[in-house]
Structures are given as structure tokens and as C-alpha cells.
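# Examination of the molecular architecture
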Amino acid sequence: MNNGVERLSRVRMIADYQFGKGTGKELFPDGSTFQLSRTKRVRQVFYSGQRIVTARAKDGFFTLSIEGASIVHRLLPGKRLRVVVSEEAAPFVEAGKTAFAKHIIEIDPELRAGEEVLVTDQADRLLATGQLLLSPAEILSLDSGAAVDVRVGTASKKEE
């Protein structure tokens, strides 16, 4: 039991650091369960049978499922952690396709390459979650190339 409380405390702390203060408790309510690696490190966190996050082996940060992304999207104000794509790119990104630099309209300037991001349309509707491939300055100055490696889109999740 004590190990579960320690794990919950640890994953909440990581989420607070990665996504902002207070997100850990919302992402991982009491009753969250863990899938562990062979070395007893947290690999995935589940709540009510739904995967919320997966811990990256290389740095311990989290990659979000659509369920986890929708919680973070609801909690974070304004354009934080968001990449906004054009209306013409929205259906493709929502289906789980890569978001390209030429389709990025707006981006949180505080983001860094390699961070987990929320991809939204102009109305701030969550389309997908993925990993930022370039810095915000590079994305806004380029007319070609991949900007966000989309992990899962909201439409591709519905089809599973």
C-alpha cells in the first residue's frame, strides 16, 4: 500500500512539473493504478481502466493519451502547451496525421522541441496530442516540414 501512495505522489509531482502546478492531482486521482516495468518503474498510469499517461524511458516525462490530454486541455488556461492548426489541416491532425509547420497558425512561445503538446483548432477544440519536433520560432518561420509528431488524434481514438 505504501508503495502505491509513493508512486502516486511521484507521478503527481512529475505531472506538476511537466504540465503545471495542480495538474498532477487532476490527472491522477486517488484510485489510479500503475503498470510497472521489470525494474519496478512506473511505465503507464491508468484510471477507471483508461490509460492516462505513459512514462518515457529516456527521461521519465509523460506522453499523454487522449483521455490525459483532455484533462490537461481543460485545466490549462489560454494557449498554454497548445499548437493551433489551420482549419484545412484540422481533419488530418484529428485523424492522427502529422501536423506540418505551414499549417501552424499559433503556438505557445514557451514550448521547447521534444515537449508533449496539445494540438487544437482555432476554436480551442482538442484535436490531438503529440511531441513538438521544432522550436516555436522555427515552426513559425518555416513553410515546410513536420512540426508536431502526432501520437493520437481524437478521431483515430474513436475508431479503436
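Residues numbered from 1 in each chain as written. Predicted model: local features only at pLDDT ≥ 70, side-chain atom pairs only at ≥ 80, totals over all residues. Heavy atoms only, no water.

### Structural notes on the overall build of the chain
Cut-off, in case you're wondering: Numbered from the N terminus, helices here are DSSP runs of H or I no shorter than four residues, and strands are runs of E no shorter than two. Only C-alpha atoms enter the radius of gyration; for comparison, a globular chain is expected to reach 2.2 Å times N to the power 0.38, where N is the number of residues. The cut-offs for exposure are 20% and 50% of the maximum accessible area for each residue type, with area from a 1.4 Å probe on protein chains only; residues under the lower value are buried, those over the upper are exposed, and the others partly exposed. Here a residue-residue contact requires only that any non-hydrogen atoms of the pair lie within 4.5 Å. Working definition of accessibility: Shrake-Rupley area with a 1.4 Å probe, residue cover restricted to the visible protein chains. The charge count includes Lys and Arg as positive and Asp and Glu as negative, but it does not include His or the ends of the chains. The atom standing in for a charge is NZ when the residue is Lys, CZ when it is Arg, CG when it is Asp and CD when it is Glu.
Across its full length, the chain holds six helices and 10 strands. Relative to its length of 160 residues, the chain is compact, with a C-alpha radius of gyration of 16 Å against a globular reference of 15 Å. Out of the 160 residues in the chain, the part that is buried amounts to 45%. For the chain, long-range pairs separated by at least 24 residues make up 52% of all intrachain contacts whose partners lie at least 6 apart in sequence. For the chain, the accessible surface area stands at approximately 8800 Å², while carbon and sulfur atoms represent 51% of it. Of the charged side chains in the chain, 23 are positive and 21 negative; the average position of the first set lies 9 Å away from that of the second.

### What about the packing of aromatic side chains?
Formally: Ring pairs are drawn from Phe, Tyr and Trp, using the six-membered ring of Trp, whenever the two centres fall within 6.5 Å, and their geometry is named by plane angle: stacked under 30 degrees, edge-to-face over 60, tilted for the rest.
Overall, the coordinates contain two aromatic pairs when judged by the stated rule. Look at Tyr17 and Phe61: their rings are 5.9 Å apart centre to centre, the planes differ by 10°, and that puts the pair in the stacked class. Here the residue Tyr17 occupies a position in helix H1 (residues 2-19), and Phe61 occupies one in the loop between strand S3 (50-55) and strand S4 (62-64), the gap between them amounting to 44 residues. Ring geometry for Phe28 and Phe62: centres 5.6 Å apart, planes at 70°, overall edge-to-face. Taken together, the positions of Phe28 in the loop between helix H2 (23-27) and strand S1 (33-36) and Phe62 in strand S4 put the pair 34 residues apart, joining distant regions of the chain.

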